[in-house]
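This is what each chain is made of:
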2 protein chains.
Amino acid sequence: MKTTSKILLLLLFPILTVAQQKELVKYVSPIIGTAKMGHTFPGATVPFGAVQLSPDTDTIPYAVNGKYNGEVYQYCAGYQYKDSTIVGFSHTHFSGTGHSDLGDIRVMPTVGTLQLNAGTSDRPENGYRSRFKHESEVAEANYYKVYLEDPKVLAEMTTSNRVGFHRYTFPKSEQAHIVLDLKSGIYDYEGKNVWTVVRVLNDSVVTGFLQSNGWARTRTVYFAIKFSKPFKEYGAKESSKDQVYQGFWRKFNQTSNFPELAGRNLKMHFDFSTEESEQVQLKMALSPVSMRNALENMHIEVPHWDFDRLKRDGQNLWESELRKIDVEMLTPEDYVNFYTAMYHAALMPTIYMDHNGQYKGLDQEIHQAEGFTNYTSFSLWDTFRAFHPYMNLVNTQRNADMVASMMAHYSQSTLKMLPIWSHYANDNWCMSGYHSVSVVADAIIKGVYKGDPRAALMACVQTANTRNYEGIGSYIKLGYVPDELSGTSVSNTLEYAYDDWCIAQLAKHLGDIAIYNTFMERSENWRNVYDKRIGFMRPKDSHGNFRTNFDLLETHGQGFIEGNTWNYSLYVPHNPQGLMEMMGGKKKLDSYLDSLFTMHLPDKFFANTEDITREGIIGNYVHGNEPAHHVVYFYNICGSPWKAQDRIRMILNNQYHNGHDGLGGNDDCGQMSAWYLFNSLGFYPVAPASDEYWIGSPAVKNARITLENGKVFEISAINQSAKNVYIKEVLLNGEKLESLILKHQDIVAGGQLKFVMANKPNKKLL
Amino acid sequence: MKTTSKILLLLLFPILTVAQQKELVKYVSPIIGTAKMGHTFPGATVPFGAVQLSPDTDTIPYAVNGKYNGEVYQYCAGYQYKDSTIVGFSHTHFSGTGHSDLGDIRVMPTVGTLQLNAGTSDRPENGYRSRFKHESEVAEANYYKVYLEDPKVLAEMTTSNRVGFHRYTFPKSEQAHIVLDLKSGIYDYEGKNVWTVVRVLNDSVVTGFLQSNGWARTRTVYFAIKFSKPFKEYGAKESSKDQVYQGFWRKFNQTSNFPELAGRNLKMHFDFSTEESEQVQLKMALSPVSMRNALENMHIEVPHWDFDRLKRDGQNLWESELRKIDVEMLTPEDYVNFYTAMYHAALMPTIYMDHNGQYKGLDQEIHQAEGFTNYTSFSLWDTFRAFHPYMNLVNTQRNADMVASMMAHYSQSTLKMLPIWSHYANDNWCMSGYHSVSVVADAIIKGVYKGDPRAALMACVQTANTRNYEGIGSYIKLGYVPDELSGTSVSNTLEYAYDDWCIAQLAKHLGDIAIYNTFMERSENWRNVYDKRIGFMRPKDSHGNFRTNFDLLETHGQGFIEGNTWNYSLYVPHNPQGLMEMMGGKKKLDSYLDSLFTMHLPDKFFANTEDITREGIIGNYVHGNEPAHHVVYFYNICGSPWKAQDRIRMILNNQYHNGHDGLGGNDDCGQMSAWYLFNSLGFYPVAPASDEYWIGSPAVKNARITLENGKVFEISAINQSAKNVYIKEVLLNGEKLESLILKHQDIVAGGQLKFVMANKPNKKLL
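Residues numbered from 1 in each chain as written. Chains lettered and ligands numbered in written order. Predicted model: local features only at pLDDT ≥ 70, side-chain atom pairs only at ≥ 80, totals over all residues. Heavy atoms only, no water.

### Considerations on the packing of helix H9 (residues 436–445) of chain A against helix H12 (residues 489–510) of chain A
Residue and element names in this part refer to chain A. Formally: For every element, the axis is a line fit to its C-alpha atoms; helices are fit only across the contacting stretch, and the angle between N-to-C directions ranges from 0 to 180 degrees. Here a strand is any run of E in DSSP of at least two residues, a helix any run of H or I of at least four, and the numbering for each starts at the N terminus. Angles are sorted into four bins: roughly parallel if under 35 degrees, roughly antiparallel if over 145, roughly perpendicular if 65 to 115, and oblique for all others. In this scheme the handedness of a crossing depends on how the near helix is turned from the far one: anticlockwise by less than a right angle means left-handed, clockwise means right-handed. Contacts were defined at the residue level, with two residues in contact if any of their heavy atoms lie within 4.5 Å. Each residue gets one of three labels, nonpolar for Ala, Val, Leu, Ile, Met, Phe, Trp, Tyr, Cys and Pro, charged for Asp, Glu, Lys and Arg, and polar for the others, Gly among them.
Close contact between H9 and H12 brings their axes to 9 Å; oriented N to C, the two are set at 30°. Of the possible angle classes, the one that applies to H9 and H12 is roughly parallel. Considering only the axes of H9 and H12, their crossing is left-handed. Here Val437, Ser438, Val440, Ala441, Ile444 and Ile445 of H9 lie close against H12, whose contacting residues are Tyr498, Asp499, Cys502, Ile503, Gln505, Leu506 and His509. In the contact of H9 with H12, the residues fall into nine nonpolar, three polar and one charged.

Following this line, the structure appears as structure tokens:
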């Protein structure tokens, strides 16, 4: 390079930097995973934002004629790409869960005769629902746009952390409405709505709250709405039959322009006259604590009516988030996959705290967060594996706050338990294990969580000793959860054993040998459910007898949750060596793995496997669910790491695509995406709470990870290509790695990891 | 008196004083009014206390087979003297209302097989209900005791302001239980229970909250319980069918020893082993704001387990309350009537604020009370007449706080209205008028309320201009509420007119002539519904035509509420002179009054008259309801004050008795009792918001009113006897009164009012 070009480059640099600052967010495609089982939402939000403002294409009844309606499952995030109507835009959504809730506070613009029911997808004209076409749809990070064909309204939305901002471009009409449906939501059944209050403060400001009994049992969302234009009229419909005292309704006509409403099933409408192409905007702020806080959140976060500015602000936040890992990929599609994975791994848990630091605790009290930001929606069975370790790399402060939030949860718990699956001041105790201990231990061992480590250890120990929870008592007594006690006795045992190992690691870290010994011993309990005769983990009753009628492929009723024994038998991430020996040595494990990835499954298997499409399965390896997320790395200890390398690149290629059907299973609150990110970078935390990552096969050409400590960790893959999936050699800071292990400290110290790729296995790699 | 006896007296004085300090509370008989229509409760409470801990003898369903159950009305306060079973002890009760609500958080001790349903009165053994006998019952101020025959448990209770203290003396049993029924309450119907949360913090502390939709639409009561003895087991039953997500229940056995419960219909039991005569005590603290505040309230108010001390503390509070008026009466029964009236006039409104000053506002937000104590349960249609004026004499600080509470309500109202009938952060808008303006004006004019009087005036004006409330718009436009608009058009018109006069008086007091003129003009609107042809107030339609089909005696559907036109036609307390002229002069009014008090009524009248027993009626004068409470004083302007004197004494004798059936109608939150108190003292506030009291006929022999300003006002009735009901002369500070009017200032300056009584009318009195 000539000196003149250097100078030119220097001159250009600031400009390029600014230009670059706008670049990465373009790769984010929120539509990925909105089809089939991805359960992502296409709407607008900021990183870990409290508001997820997104269209719902349907929220069908949970039960029809008293019978569970299986169709409801697809609407966990409210949106299915195949649908052709939108019922409204609601403000809270899970990303990628396998259970439904949220969809709070639905807003829908309509024109013409007022309708307060949603109508049906086949006859949208019978309700406020509208047809739409994907051609009119734009889904970006923090921006969603769609043209609603029935009311002829262009709907656009963006958000700040706690505020959803709607911009509706209406046709000319004397009958333009904005419907506020406080009855409907995701997980729709009679009884979900507990109570609703609405207060119309003036001709453009409305506050209220919504209390529900869904997946979270006792949950209240407070809100405040401002309209950019005064409504000329407003009204309410309260359809519950519970209000016996009718005096309220006799004294005032409460259906029309009455400002103080309450009921179980409340729907509101706000009426406008609009000119052609007139924009009516509304801001909806949420709070976990009070209407007053919601209003304050709005005043602080969005004191203006500049939609484009708020969109830009939010996209700048996303850009900063994405900038943490600057990658060079092989194909344009890979960029979209990578940055959309980063996007999906920065949606949950969500901030659950007002600007003034108040939040609702598990104890249903208002708390003041001291020294941390409170988060909610911890899908820990999923996220302890790769998501939280990923956070410990690129989002350390947030992960520290998440651990602090879990500790707050613990301190508020009557059960004295860390969260299992918690959201919105509740625990639904979903899935098996007590994996918060993994997240806590990992964050302390990696130096991320700065709170009292001893208190954290005691919280872990107490959680692991909740004898009346999910067979823990028997597990402590017998060394395993007996078959007759639980339908998921084996996965419970295996996961408890891993979790116990995490507690032991934390105890060791803190020098508590007694706890270390106790929990190291417990961590070997996986051995108690391994049936050597068949070479698989298998349910065992309290008398020590393995179950006789046992299906190796079936995922239901066989002692496991979201996985069969083929996948779960490898769930000893903390002692793979021990497992390998138990299984008969390297070759046995190697051929087990080969079978897992290649065997042919009968059709019934696919019918019975939850959460994932047929494409989410490779052989009998179920990538769309989590229990086997680490197993491909076990090839490394079989002396066949090239098989791991090959299969990792295959999984990355097979399981992550651009487009609405780009995810083969639930994204599970970022876990699937975090798996993609680690593996694209070439390593993976096989056993969180250790400080080790196992080396796989990178998919990036180059990557530059900017850490919060200011250090930079650079990854390069020489000779990278679609075919060069094998590692010829791997060097850390110029030195050959002595094992296929990367230490956390190696990364956070900053440095360079160099892979030299090849199209043939290097069978002498290590 | 000899000097020696004087000295002896001086020596004895301090002792006597101490002895006296214990005396008055003995005259309080909370059982008075617990039969038939009195609707008082016999349980324990302190003056204006937030907790009213009282037995409920039944809380029958609001509807049977979908039809309103008329029987429910008698249980407004939860207790009917005729009943022979008790269903439990609940912590909140209205005193003397004509509508049901409260009865929160029922506690019941049981022994033997656990039963969580209440059972029926005819078969109490089928539930946790128990038989009892009045012989075992003791009802004192702040103390209630009863022997529960089925479990053989002696139940005793006392309270502090925010804490109910239970003492249960059990027999020996391995199966002693304390049932906590959070489903049942007064105003019992499906849908009243909105949500309940219970948290068992340890083996003797439980917190929770209860959200209901009753007469108050959105109401939450938070509680904290401590048991004096750890329970050995506990459990819950949740009978609602609304909880679709069953994961909660699968993960834990939530029926037994599970500490984190929630649901719509929750019942709990706490189990003990007891020795013979073992006492198990429990403290229940309430809060309008949070469980945390409830616990704090308990820690501050009752940090001990000394039942007798708390009882004594509360009785001392009552003694101080009663000491404000020291009377000498004619008979022992009169003392009981007088001090029980004082007791009943110091129960409501109740304190609605935690120790830390937090309370729930009408806007459902948590507020910090700045410079006042917040009160709730304003039965203003009743209490503006005599109760609040009574408070302005003997409880000025509390009444100032009550006005401040009403102003806080106003500032939190989306409707921008002062309360109509408000309780527990809600307005139920019950009854006619906007009588808070009378209370506000009276308190300001009498110098009691020290807040911003201009803000108060504007609140009154804005309330009176709520055009969409109860025909106010038409009233403003036409000068009356038209018949076709409201079933109570005439009482609305009459009461609005009086209220408007109050606003005018306040405006005059503040020098706002414009508002004065406007509202003085409005205050004459009573003329618009007076039908000169028949000499009665009468419904009139919007075209100006009086209703043709009109019954002078009927109280239902004739344009009035809780009164017929005979009683209501005199409802011009602010312009009796004008009314007299309209009616044809002194003689006409005099004979109207004579007829009212002596006419014979057909039986159907009694069947159709609400809230009162047959005994609550004298002639056609209905003392058991309020609209005519002032009318006996109209004799004074007819030139026949002796008739007033005679009839006042008659009403006092007829309508107030010792014993459970001592009240002829609902006590109406102290209004009936305040009427008794004023009239016993010899004067009455005919038109609150004036500074005048009209002279009647005292029933006391002597009275000594100790005012909060330190002044003493003494009343003596020379030659007082049951027959000497007539006033021969009346002297203020030794000077003969120039009219039968006593000024408020005359009282608060301190002084002596001397009546000379006689057994014959003094027709030249004034």
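### Observations regarding the sheet that holds strand E33 (residues 702–706) of chain B
All names here are of chain B. Selection criterion: Between any two strands, at least two bridges found by DSSP are needed for them to pair.
Pairing within the open sheet is mixed, and its six strands lie in the order E20-E33-E34-E38-E35-E36. Only two strands of the sheet have a single neighbouring strand rather than two, namely strand E20 (325–328) and strand E36 (735–736). Sheet topology note: the strand E35 (residues 726–732)/strand E38 (residues 751–758) ladder contains six bridges and is antiparallel. Paired with valine 730 across the strands is phenylalanine 755, a residue of E38.

### Things to note about the pattern of salt bridges
As a reminder of what qualifies: Salt bridge, as used here: a side-chain nitrogen of Lys or Arg that lies within 4 Å of a carboxyl oxygen of Asp or Glu. Only protein chains enter the accessibility calculation, which uses a 1.4 Å probe. A residue is then buried if its area is under 20% of the maximum for its type, exposed if over 50%, and partly exposed in between.
For the structure on display, the rule yields 68 salt bridges over all chains. A salt bridge links A:Arg131 to A:Glu125, with the nearest nitrogen and oxygen atoms 2.9 Å apart. The exposure class assigned to A:Arg131 is partly exposed, which follows from its relative accessible area of 32%. Note that B:Asp512 and B:Arg454 form a salt bridge whose closest N and O atoms lie 2.7 Å from each other. One end of the pair, B:Asp512, is in the loop between helix H12 (489–510) and helix H13 (513–523); the other, B:Arg454, is in helix H10 (residues 453–464), with 58 residues separating them in the sequence.

### Notes on helix H15 (residues 576–583) of chain A
All names here are of chain A. In terms of burial, H15 is a largely internal element, six of the eight residues being buried. Turning to H15, its buried residues are Pro576, Gly578, Leu579, Met580, Met582 and Met583. Of the residues one or two after H15, glycine 584 is the one with positive phi, at around 115°.

### With respect to the environment of B:Phe48
For B:Phe48, the position within the fold is in the loop between helix H1 (3–21) and strand E1 (54–56). Separated by 586 residues in sequence, B:Phe48 and B:Phe634 place their C-alpha atoms 33 Å apart.

### What about the packing of aromatic side chains?
Short version of the rule: For this analysis, a ring pair means two rings from Phe, Tyr or Trp (six-membered ring only for Trp) whose centres lie within 6.5 Å, classed as stacked if their planes differ by under 30 degrees, edge-to-face if by over 60, and tilted for the remaining angles. Consider the ring centre and the ring normal. A charge sits over the ring if Lys NZ or Arg CZ is within 6 Å of that centre and within 35 degrees of that normal.
Across all of its chains, the model carries 107 aromatic pairs over all chains by this definition. Consider the rings of A:Tyr62 and A:Tyr187, whose centres lie 5.0 Å apart with planes at 90°: the pair is edge-to-face. Taken together, the residues span a long stretch of sequence, with A:Tyr62 in the loop between strand E1 (54–56) and strand E2 (63–64) and A:Tyr187 in the loop between strand E12 (173–181) and strand E13 (193–200) at a distance of 125 residues. The residues A:Tyr62 and A:Tyr187 share a single accessibility class, namely buried. With centroids separated by 6.2 Å and ring planes inclined at 65°, the aromatic side chains of A:Phe338 and A:Tyr676 adopt a geometry described as edge-to-face. One end of the pair, A:Phe338, is in helix H5 (residues 332–344); the other, A:Tyr676, is in helix H19 (residues 671–681), and 338 residues separate them in sequence. Look at A:Phe338 and you get buried, because its relative accessible area is 0%. The ring centre of A:Tyr480 lies 4.7 Å from the NZ or CZ of A:Lys540, which sits over that ring. Lying over the aromatic face of B:Tyr424, B:Arg219 brings its terminal NZ or CZ to 4.3 Å of the ring centre.

### Some remarks on the interface of chain A and chain B
Where we set the bar: Here's the idea: put two parts together, see how much 1.4 Å probe accessible area each one loses, and the total over both is what we call buried area.
Tallying the contact residues gives 58 residues for chain A and 58 residues for chain B. When chain A packs against chain B, close to 4900 Å² is buried across both sides, 54% of that on carbon and sulfur atoms. Scanning the region where chain A abuts chain B turns up two salt bridges. We note a salt bridge from A:Glu470 to B:Lys251, for which the minimum N-O separation is 3.1 Å. Of all elements in the fold, only E13, strand E14 (205–212), helix H2 (247–251), strand E17 (260–263), helix H3 (291–301) and strand E23 (366–368) of chain A reach the threshold of two or more residues within the side of chain A that touches chain B.

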